[in-house]
Amino acid sequence: MTVEQKSVDTIRILSAEAIQRANSGHPGICMGAAPIGYELFAKHLNFSHRNPKWENRDRFVLSAGHGSMLLYSLLHLFGYDVTKEDLINFRQLGSRTPGHPEYGKTDGVETSTGPLGQGVGNAVGFAVAEAHLAALFNRPGYPVVDHYTYVLTGDGCLEEGIGYEACSFAGTQKLGKLILLYDCNDTTIEGNMKNTFSEDVATRFIAQGWQVLRVPDANNLFVLGNAIERAKAETVRPTVIICKSVIGYGSPLAGTADCHGAPLGEANLEATKQNLGWKCPPFEVPEDVKEHCLAIAEERAKKEDEWNELFARYEEAYPELAAEYKRFMSGMEPDWAQVESQLPSFDKPEATRSCGGKILNAIAKTLPNIMSGSADLAPSTKTEIKGQEYFSPEHREGCNIHFGIREHAMSAICNGIQLHGGLKAVCSTFFSFTDYMKAGIRMTALMNISVLYVMTHDSIGVGEDGPTHQPMEQLISLRSIPNINVFRPCDGSETYAAFRAAFTDSCPTVIVETRQNLPAYDLGREGAGKGAYVLADCEGTPDVLLIASGSEVEICMQAKDELASENIKAKVISMVSIEKFEQQDEEYRDSVINRDVKARVCVEAASHYSWYRYSRDYGEVIAMKSFGVSGPAKKLFEYFGFTAQNVAKAAKRSIENVKLDRFSH
């Protein structure tokens, strides 16, 4: 047996042993795709185990994240900081080898994967980032940005709609340095694929503008390696390599769904070891395999040394360009003083989407590493960077992106762009369409990467387009995601504060903007950054608190005046971001929302579920408890009770509730 074959079998056995010990996992793909992983790492992937974050490394994405032990076994063999103990602790609480790959938890893991198809979108984003940065910084003889993106998928990733969206985008954009390795074993957890996935995958990819290569037997390393080299030689089209494999190869369960999502079982594991001629104790790597793989890893690490030498020469030849490259890769922030000097005063009624467009463009003048795109809606979402090209095969330097009507892929691609390093990803669509991209947004938050989502047309204010386009539950849906800040500003000043947070915080941000014009208060640049602030106070202790976000702040301001005519003192609080507000200390929160003022009215033209924590026992909530309807926006606000008169009535009811409770005691 050659050391190469023994290395492949080592991956199979380590994976099966770890899954058996955990009594949980997916051995089938690990054993069937082991030759694909080995061939890629051993002969084609440029990486540095000494510096997993080396900027010019090739990126490898395991989109079929349930095969995580395949990746962990490869990282262990090729010198990354993934130890024998890590393999033994697979899927255990606090381990560095979780059930699906998690970005930031394991050396060598480029992105969190597991929801099928997300990794395909991430890989497309990596390829976009590589092509864009190469166009900006490479010069003849100095290819400082020059790497490939490889993504390993199974049948499931290609069944998911996001996989189709992302691959269609990649073919249109001619991302020639993207290589998809399709582990085609025709088996899912429910059995044979003929029941669910009978299409001609090769013809599908050809139609999408991809080069298609076939490997009839994934165990044939020579044919597999030749296919990867042919893929690298194709500089225009992305490539899919269809690798026919056998799920659970080497085990008594090979070729069946029984080994897809469950351990082999002790008896079958022992039989597998006999089938493969395996003699080593559990979790031990044969000495010749260990030496072989580590020697390859050391040789690969020299690629980083070569690149460092190249960059030193580049720095001498193009010092300003090299300095700018370093600035990109270091994660620069905008020059806020310069941004503010370019902003209008926001002293006239204006839609917050329009304000947001002006702010984003002012930021872009000081921050050239933004890539901004939309799901075919930039004229409406106002997220186009003016004066800049659109990213395309002819204009790789373009920083605007036509994502097409592919919201789900857009979010995953932006995650890949952000993860690549050097760029700030911004994307936009209508707020009601966040439902299409929720899984991608969730992955953004899970990985704690600072993608900016701009969502416009934020409420029943959309008007005539009707309930299909009027967001109701989307705010509470996004607010329920951990580790994400959702802003709904009421004017240009608050919109600026939201953008400033988005370009300062490390977590993702969603900015929700209006289609319709709103009055300008121009008071919220500081307070809005804290999530909430007092927009309009009163003398002494208020009788009632009026709390709102976005377009409903105007209604509360009008209600304050109406209440004042009846000698009722109201304090208006603009709740721009619940998440940011809850991050403030107790003293600040109490200074905004007086705990001793129990009469309160919370107003938002969206689901009511966000607001009961602030309305408390005696408060009133004016919000949506149904879908919207089609009609002029002004009439819709009246129809659903979003008027100053209704807010004033609710305020008086809340005050009366407090009085009655005091009297009863």
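Going by the structure above, here's the rest.
In what follows, the accompanying structure is described. All values reported here derive from a predicted model rather than from experimental measurement. Within each chain, residues carry numbers counting from 1 in the order of the written sequence. Note on the predicted model: pLDDT of at least 70 is required for a residue's local features to be given, and 80 or more for side-chain atom pairs to be given and counted; whole-chain, interface and lining totals, by contrast, use all residues. For side-chain calculations, the full set of non-hydrogen atoms in the structure is used, while hydrogens and water are omitted.

Examining helix α4 (residues 68-77)
Phase 1: Using a 1.4 Å probe on the protein chains alone, a residue whose accessible area is under 20% of its type maximum counts as buried, one over 50% counts as exposed, and one in between counts as partly exposed. Helix numbers and strand numbers start at the N terminus; a helix is a DSSP run of H or I with at least 4 residues, a strand a run of E with at least 2. Extensive coverage of α4 is indicated by the burial of 10 of its 10 residues.
Phase 2: Of all the residues in α4, the buried ones are Ser-68, Met-69, Leu-70, Leu-71, Tyr-72, Ser-73, Leu-74, Leu-75, His-76 and Leu-77.
Phase 3: Positive backbone phi, approximately 90°, marks Gly-79, located one or two places after α4.

Regarding the packing of aromatic side chains
Phase 1: Pairing of aromatic rings covers Phe, Tyr and Trp, the last through its six-membered ring, and needs centres within 6.5 Å; plane angles under 30 degrees mean stacked, over 60 mean edge-to-face, and all others mean tilted. One pass over the full model with this rule turns up 27 aromatic pairs.
Phase 2: When the ring of Phe-137 is compared with that of Phe-328, the centres are 5.0 Å apart and the planes differ by 85°; the resulting orientation is edge-to-face. Of this pair, Phe-137 sits in helix α6 (residues 118-137) while Phe-328 sits in helix α13 (residues 319-330), and the two are 191 residues apart along the sequence.
Phase 3: Given a relative accessible area of 2%, Phe-137 falls into the buried group.
Phase 4: Taken together, a centroid distance of 5.4 Å and an interplanar angle of 50° make the contact between Phe-311 and Tyr-314 tilted. With Phe-311 and Tyr-314 both in helix α12 (residues 287-317) and 3 residues apart, the pair spans about one turn of that helix. With respect to class, Phe-311 is no different from Tyr-314; both count as buried.
Phase 5: A network of ring pairs unites the aromatic residues Phe-137, Tyr-142, Trp-307, Phe-311, Tyr-314, Tyr-318, Tyr-325 and Phe-328 as a single cluster.
Phase 6: Both a distance and an angle decide whether a charge sits over a ring: NZ of Lys or CZ of Arg must be within 6 Å of the ring centre and within 35 degrees of the ring normal. Across from the ring centre of Tyr-148, 5.4 Å away, lies the NZ or CZ of Lys-177, which sits over that ring.

As for the sheet that holds strand β6 (residues 211-215)
Phase 1: For two strands to be treated as a pair, DSSP must find at least two bridges joining them. Strand order in this open sheet of 5 strands is β1-β2-β3-β7-β6, and the pairing throughout is parallel. This sheet does not close on itself; its edge strands, each paired only once, are β1 (59-62) and β6. Mean inter-strand twist for the sheet, computed between neighbouring axes without regard to direction, equals 20°.
Phase 2: Across 4 bridges, the pairing between β1 and strand β2 (residues 149-153) is parallel. Considered in β2, the bridge of Arg-59 is made with Thr-149. Between N-to-C directions, angles cover 0 to 180 degrees, with each direction set by a line fitted to C-alpha atoms, over the stretch in contact for helices.

Quick word on unusual backbone geometry
Phase 1: For Phe-283, which is not glycine, the phi torsion reads 65° and is therefore positive.
Phase 2: With respect to the secondary-structure elements, Phe-283 resides in the loop between α11 (266-275) and α12.
Phase 3: On the accessibility criterion, Phe-283 (8% relative accessible area) is buried.
Phase 4: In this structure, Asn-567 takes a positive phi of about 60° despite not being glycine.
Phase 5: Locating Asn-567 in the fold gives a position in the loop between α21 (552-564) and β18 (570-575).
Phase 6: Residue Asn-567 is classed as exposed on the basis of its relative accessible area, which comes to 71%.

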